[in-house]
Amino acid sequence: MQLTRRGIIKTGFAGSIVLGLGGTGLFLRETILVSPKSPLLALNEHSFSILVAVADRIIPQGEKFPAPRKLGIAEKVDRLLSGLHPGDVTDFKNGLFLIENGLTGFLLDGRTTAFTSSAPEVQDHTLESFRTSRLQVRRSIYKAVYGMVSACYWSCPETYAATGYEGPPEFGSGFAAGPSRPPIKRRGIEPKGPLEKDDKDEQQ
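Along each chain, residues carry numbers from 1 onward, in the same order as the chain's sequence is written. Reporting in this predicted model follows two pLDDT cut-offs: at least 70 for local features of residues, and 80 or more for side-chain atom pairs to be given and counted; totals over whole chains, interfaces and linings ignore these cut-offs and use all residues. Hydrogens and waters are ignored; side-chain quantities use all the structure's heavy atoms.

Asks: Requested: an account of the pattern of salt bridges, with residues and values cited.
Replies: What makes a salt bridge here is a side-chain nitrogen of Lys or Arg within 4 Å of a carboxyl oxygen of Asp or Glu, nothing more. Tallied over the full model, the rule gives three salt bridges. Arginine 69 serves as the salt-bridge partner of aspartate 56, at 2.6 Å between the closest nitrogen and oxygen. Of this pair, aspartate 56 sits in helix α3 (residues 45–58) while arginine 69 sits in helix α4 (residues 68–71), and the two are 13 residues apart along the sequence. Here the term buried applies to any residue with accessible area under 20% of the maximum for its type, exposed to any over 50%, and partly exposed to those in between, with areas from a 1.4 Å probe on protein chains only. On the basis of relative accessibility, which here comes to 16%, the residue aspartate 56 falls in the buried class. In this structure, arginine 57 and aspartate 124 form a salt bridge, with 2.9 Å as the shortest nitrogen-oxygen distance. Of this pair, arginine 57 sits in helix α3 while aspartate 124 sits in helix α8 (residues 120–131), placing them 67 residues apart in sequence. Among the residues examined, arginine 57 registers a relative accessible area of 25% and is labelled partly exposed. Only DSSP runs of H or I with at least four residues qualify as helices, and only runs of E with at least two residues qualify as strands; both kinds are numbered from the N terminus onward.

Asks: How would you explain the packing of aromatic side chains if you had to name every residue and give the values?
Replies: Aromatic contacts are taken between Phe, Tyr and Trp rings whose centres are within 6.5 Å, Trp giving its six-membered ring; a plane angle under 30 degrees counts as stacked, one over 60 as edge-to-face, and the others as tilted. Enumeration over the complete set of coordinates arrives at four aromatic pairs. Consider the rings of tyrosine 142 and tyrosine 146, whose centres lie 5.6 Å apart with planes at 20 degrees: the pair is stacked. In this pair, tyrosine 142 and tyrosine 146 are both assigned in helix α9 (residues 136–154), four residues apart and thus about one turn of the helix distant. Ring geometry for tyrosine 160 and tyrosine 165: centres 4.9 Å apart, planes at 80 degrees, overall edge-to-face. For tyrosine 165, a relative accessible area of 42% corresponds to the partly exposed category. These aromatic residues form a ring-pair network of at least three members: Phe65, Tyr153 and Trp154. Throughout this description, the term charge over a ring refers to an Arg CZ or Lys NZ atom that lies within 6 Å of the ring centre and within 35 degrees of the ring normal. Directly above the aromatic system of phenylalanine 130 lies the positively charged group of arginine 138, at a separation of 4.0 Å from the ring centroid.

Asks: Got a sec to walk through α8? Specific residues and values, please.
Replies: Helix length check: α8 (twelve residues) gives 17 Å between terminal C-alpha atoms against 16 Å at 1.5 Å per residue, within 8%. Those residues of α8 not exposed but buried are Gln123, Thr126, Leu127, Ser129 and Phe130. The buried residues of α8 all sit within an arc of 155 degrees when viewed along its axis, so they share a single face. Take the residue count of a helix, subtract one, and multiply by 1.5 Å to get its expected span. The arc in question is the one spanned by the directions pointing from the helix axis to the C-beta atoms.

In structure tokens:
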């Protein structure tokens, strides 16, 4: 990752060093790779695999909630990212690398393994450390990843039943079985025949 003057100003000097460590690609040898269900459009195999692991910890676990992997949440995030500016995609990927990175994990959280190969409780602690970190760059990374994952997950119709949500109304969709609202009743004030010239002048 190249650190520019603009990037240092945005993230702060300490944050830029942290991002630099995370984006080097070092200490990613322990990453547990996951094959996507569809061709990737924005992420690469490493960043996609990290996102899959992160999504598994962000989304609540339980019988009522479908697993993020089953719904292809990481693939949905990848499609969303493909429509963003390349610079934003790079920042998102570097954020994932920072979450995964064993070196920064050791320096900041005392974690000695990559995120994807850590125990679930260690992964939860890592994400909580990002959420509450004193470093703005770490909090920003958590907010971005959490927001994308949550938006893609809770917008899936498969999750509606778990929250008691019946789904969005079908206003004007054209697919409803009946009208979305009662038909407007005419008041019977239209003329029954063609207007005479004098009638037209009066209405004007």
